[in-house]
Amino acid sequence: MNIFKRRNLLFIPAILVTTVSSYAQRSAPAPYGALPSDRQLKWQETEMYCIVHFTPTTFQNKEWGYGDADPSIFNPLKFNADQIVAAAKSGGFKGIVYVAKHHDGFALWPTKTSTYNISESPWKNGKGDMVKEFQMAAKQEGMKFGIYCSPWDRSNTTYGTPEYVDVYRKQITELYSNYGDLFMSWHDGANGGDGFYGGKNEKRKVDQSSYYDWMNTWAITRKLQPNASVFSDIGLDVRWVGNEKGLAPETSWSTITIKGKEDKAPMPGFMDDNNLGSGTRDGKQWIPFEGDVALRPGWFYHPEQDNQLKTTAELFNIYCSSVGRGGALDLGLSPTTEGILHQNDVAALAAFGKYLNEVFAVNLTRQAAISVSNLRGKQQKTFGTANLTDGDRYTYWATDDNVHQAAVNFTFKQPVRFSLIQLRENIKLGQRIDSVAVEAFKDGQWFKLAKATSIGANRIIRLPKEETALKVRIHVYAPVSIALSEIGLYLQPKLQTVGTQKDDNSYDKTSWKTVNDNNSITIDPGKTLTFSALSYLPDQEKSSAGAIEKYELLTSEDGRSWKSQSSGEFSNIEANPILQRIVLPQTIAARYIKIVSKQAVPGNNGKVQLNGAQIEIYK
Ligand code: FUL
Ligand code: CA
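Structure report, in brief. As the structure is a prediction and not an experimental result, all values here were calculated from the model. Along each chain, numbering runs from 1 in the same order as the chain's sequence is written. Key to labels: chains lettered from A, ligands numbered from 1, both in the order written. Predicted model: local features are reported for residues with pLDDT of at least 70 only, side-chain atom pairs are reported and counted for 80 or more only, and whole-chain, interface and lining totals are derived from all residues. The side-chain values count all of the structure's non-hydrogen atoms but skip hydrogen atoms and water molecules.

1. Observations concerning the site of ligand 1
Using the following cut-off: Any residue with a heavy atom lying within 4 Å of a molecule or strand is counted as near it. Any pair of nitrogen or oxygen atoms within 3.5 Å is treated as a polar contact; in protein, a donor-acceptor pairing is required on top of that, and neighbouring residues in sequence qualify only through side-chain atoms on both sides. Method for areas: the Shrake-Rupley scheme with a 1.4 Å probe, in which residue coverage is limited to the protein chains shown. Classes in brief: Ala, Val, Leu, Ile, Met, Phe, Trp, Tyr, Cys and Pro nonpolar; Asp, Glu, Lys and Arg charged; the others, Gly included, polar.
The environment of ligand 1 is formed by His53, Trp64, His102, His103, Tyr148, Trp186, Asp188, Ala190, Glu244, Trp299 and Asn572. Contacts to ligand 1 include His53, whose side-chain N or O atom sits 2.6 Å from an oxygen atom. Here an oxygen atom of ligand 1 and a side-chain polar atom of Tyr148 are 3.3 Å apart. The fraction of the free accessible surface of ligand 1 (290 Å²) that becomes covered by protein chains is 96%. Of the residues contributing to the shell around ligand 1, the split by class is 5 nonpolar, 4 polar and 2 charged.

Right, dumping it as structure tokens:
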């Protein structure tokens, strides 16, 4: 007979139950759900890194190179990888991912796989290796190093055939064999479309989930770089957050279930982008998110964006919505054609790093007397409250197995002022906590301050305003015992909000007349305008569906016969719908101006986003 059948348990003497359970409470709680690998733990600890885009595309002032740039344009005369990496370090970043090959297909290292590479450029007389330069600079600054090699290649004539997949595998083999120990192997999801393709100038579409045969491609990564976390739309180790603003939603789980593909390893094209930000509570796999966003509006350097850098306040907001939501922040840096960061970027990074240090300088919980409503096995030394403030993300306070709700109380000698609460779980034991509620005791009463879900590796709760309290209480709810490793209370120093400088040389458009059809807009400014540039601002609130991807700009003297002035693409507008500029090679004088959408981001019921409010014309 099975004595552990439920009804028999009732007859086991109470004393035996107590002894067995208190013995169990001496050991660590059993891990819960999907767990991070050692490789992912290291990645979670990194929290902040930068991605550097510096290729011939920089010299073309574009966001996506077409694949036909002449290598002779790549000649950065003041190139200094150390200046770039040191600036990133001053911002508090701990790693550098270098774009060894972007969509234009130009290899920034002397690869044997294609002649379209750095040895064809005049830089260092064709003897240079940009990937090596960044690897050495990262080493010098004590930063981790990672590599992004774009799967999409708009230059390679074999792109779209099985032969190219072989080329791509050889490229990553070179990159993963010759540039030291990598912490990240980065791949994006932008795939296929039109390009140069060795002079064919055509459109090539591939099936993202099958073409690259990621499982076998990433097997190379695992073999050559076992410590590198693989990032992609959904990568083996790290997922994309679903936008290029670096922002995760309030609730963002580090686990995720890829519906219908539970048995398969994750790879691009496997899931609906809408779930990337939130993840899945109790998801089948541990795949936390990376929030990627550029310091400037675009990923590449554009001189006209020199005054459009994110402010410290914006960067801090992004930090709280990425690192502060259990993921990582990957900030894009864009060297100039000289091969260094612009002074504004250097200053922005230093200011942000300084501010982060100020925010986290004083953890007020270290000044408090701490008590908890339950302590696992009464083991003060192993699971006690001292673990909550020791700065170690793996030492933790835990509750007994049957205690799934508990509270932590902080009592101060004098009322303290704070505006940020930081929590960490010991994620080696999984993402256990469902939610927390924060209360403050002031004027003789308890007040509710905030609630949060999805804690994980790190959770920052920002209060709407500063609070002053003598006691703070945090209620924790979980489906299993709790293993919370850190609680911090901080006072965020005030930030001066300096408005970003905007272009002020745009024409006043209050009296313009515009005529729209679905694909074009005709502007009648009422008089002849002399202009050097135009801009188009896609919807900033909803989605990029319907935004113009390919445009043509035409002008006319009589509104009937039109002359084409310029055409091109608004690269990457789907993922990063920022202000787009059409800079003309020389100024034009025209009486009527027309913008035609030649291709738009799918969706929006086929309606193109194009109205007068979205267009500016510059002197
Ligand atoms: C995207 C690319 O299309 C952008 O150009 C940029 O490299 C960004 C980091 O990833 O998918
Ligand atoms: Ca700790």
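2. Here we look at helix α10 (residues 312–322)
What counts is decided by this rule: Whether a residue is buried, partly exposed or exposed follows from its accessible area with a 1.4 Å probe, protein chains only, as a fraction of its type maximum: under 20%, in between, or over 50%, in that order. Strands here mean DSSP runs of E at least two residues long; helices mean DSSP runs of H or I at least four residues long; both are numbered from the N terminus. Note on contacts: a residue pair is in contact if any heavy atoms of the two residues lie within 4.5 Å.
Within α10, 8 of the 11 residues are buried, which leaves the element mostly enclosed by the surrounding structure. Against β1 (48–52), β11 (289–294), β12 (328–333), α11 (343–359), β15 (405–425) and β18 (459–477) lie the buried residues of α10.

3. Comments concerning unusual backbone geometry
Unlike most non-glycine residues, Asp213 shows phi in positive territory, near 45°. Along the chain, the position of Asp213 falls in the loop between α8 (208–211) and α9 (214–224). Positive phi, normally seen in glycine, also occurs at Asp282, with a value near 55°. Position of Asp282 among the secondary structure elements: in the loop between β9 (255–256) and β10 (285–286).

4. Some remarks on the sheet that holds β12
Here is the rule we go by: Any two strands between which DSSP finds at least two bridges are classified as paired. Inter-axis angles, ranging from 0 to 180 degrees, are taken between N-to-C directions of lines fitted to C-alpha atoms, where helices are fitted over the stretch in contact.
Read around the barrel, 8 strands follow the order β1-β2-β3-β4-β7-β8-β11-β12 and close on themselves; strand pairing throughout is parallel. Neighbour to neighbour, the strand axes of the sheet diverge by 25° on average, direction disregarded. Sheet topology places β11 next to β12; 5 bridges connect them, and they run parallel. In the strand pairing of β12, Glu290 is matched with Ala328.

5. Some thoughts on the sheet that holds strand β21 (residues 520–524)
Taken in spatial order, the 5 strands make up an open sheet running β20-β21-β26-β23-β24, and their pairing is antiparallel. Only two strands of the sheet have a single partner each, and these edge strands are β20 (513–517) and β24 (562–569). Between one strand axis and the next, the sheet turns through 15° on average, direction left out of account. Looking at chain direction, strand β23 (residues 548–556) and strand β26 (residues 592–600) are connected through 8 bridges and run antiparallel. Within β26, the position partnered with Leu554 by the bridge is Lys594.

6. Focus: the packing of helix α7 (residues 162–178) against α9
Put simply, the test is: Orientation is classified from the angle alone, with under 35 degrees giving roughly parallel, over 145 giving roughly antiparallel, 65 to 115 giving roughly perpendicular, and any other angle giving oblique. Working rule for handedness: look at the near helix, and if it is turned counterclockwise from the far one by less than a right angle, call the crossing left-handed; if clockwise, right-handed.
Between α7 and α9, whose axes approach to 9 Å, the crossing angle comes to 15°. With respect to α9, the axis of α7 lies roughly parallel. The chirality of how α7 crosses α9 is right-handed. From α7, Tyr168, Arg169, Ile172, Thr173, Tyr176 and Ser177 reach across to α9, where they touch Trp214, Asn216, Thr217, Ile220, Thr221 and Leu224.

7. Examining the packing of α10 against α11
The relative placement of two packed helices is expressed as an angle between their axes plus a distance between the axes. Interhelical geometry of α10 versus α11 gives an angle of 60° and a closest axis separation of 10 Å. Classified by the interaxial angle, the pair formed by α10 and α11 is oblique. Relative to α11, the crossing made by α10 is right-handed. Contacts between α10 and α11 involve Thr312, Leu315, Phe316 and Tyr319 from the first element and Ala348, Ala351, Phe352, Tyr355, Leu356 and Val359 from the second.

8. Describing the coordination of the calcium ion (ligand 2)
Ideal values for angles at a metal depend on the geometry: 109.5 degrees with four tetrahedral donors, 90 or 180 degrees with six octahedral donors. For clarity, the threshold we go by: Each metal site is built from N, O and S donor atoms within 2.8 Å (3.2 Å for Na, K and Ca), and since water is not included, such sites may look incomplete.
Donor atoms from the polypeptide that coordinate the calcium ion (ligand 2) comprise Asn387 (O), Asp390 (OD), Asp392 (O), Thr395 (O), Thr395 (OG1), Ser485 (O) and Glu486 (OE), at 2.3 to 2.6 Å from the metal. Of note, the donors binding the calcium ion (ligand 2) are all from one chain and are spaced N-x2-D-x1-D-x2-T-x89-S-E. The class of Ser485 is buried, set by a relative accessible area of 0%. For Glu486, a relative accessible area of 8% corresponds to the buried category.

9. Regarding a positive patch on the surface
Spelled out, the test is: Like charges are joined within 9 Å and nonpolar side chains (Val, Leu, Ile, Met, Phe, Trp, Tyr) within 5 Å, but only among residues with over 30% relative accessible area and no salt bridge; these make up the patches. One speaks of a salt bridge when a side-chain nitrogen belonging to Lys or Arg is within 4 Å of a carboxyl oxygen belonging to Asp or Glu. In this charge count, Lys and Arg are treated as positive and Asp and Glu as negative; neither His nor the chain ends contribute. One atom stands in for each charge, and that atom is NZ of Lys, CZ of Arg, CG of Asp or CD of Glu.
Taken together, the side chains of Lys42, Lys94, Lys144 and Lys428 define a basic patch exposed on the protein surface. Tracing the chain through its elements places Lys428 in the loop between β15 and β16 (435–442). Lys428 sits in the partly exposed class, given a relative accessible area of 42%.

10. With respect to α11
Rules: Expected span, for any helix, means 1.5 Å times one less than how many residues it has. Directions are taken from the helix axis to each C-beta atom, and the arc is the one they span.
Between the first and last C-alpha of α11 there are 24 Å, a value that for 17 residues agrees with the 24 Å anticipated at 1.5 Å per step. Looking only at α11, the buried set comprises Asp345, Ala348, Leu349, Phe352, Gly353, Tyr355, Leu356 and Val359. Along the axis of α11, the buried residues cluster in a sector spanning 165°; they form a single face. Among the exposed residues of α11, those oriented more than 90 degrees off its buried face are Gln343, Lys354 and Asn357. Check the buried side of α11 and you find it contacts β1, α5 (81–90), α10, β12, β15 and β19 (483–490).

11. Topic: the nonpolar core
Our working definition: In plain words, nonpolar cores are sets of buried Ala, Val, Leu, Ile, Met, Phe, Trp, Tyr and Cys residues tied together by side-chain atoms within 4.5 Å.
Ranked by internal contacts, the top residues of the largest apolar core, which has 99 residues, are Met130, Val131, Phe134 and Phe145. The dominant element in this core, judged by the number of residues it contributes, is α7, at 7 residues. Val131 has contacts with Tyr98, Ala100, Leu108, Trp109, Phe145, Ile147, Leu175 and Tyr179, leaving out every residue within four places of it along the chain. In terms of nonpolar packing, the next biggest core, distinct from the first, is built from 38 residues, Val408, Val476, Ala483 and Ile487 among them.

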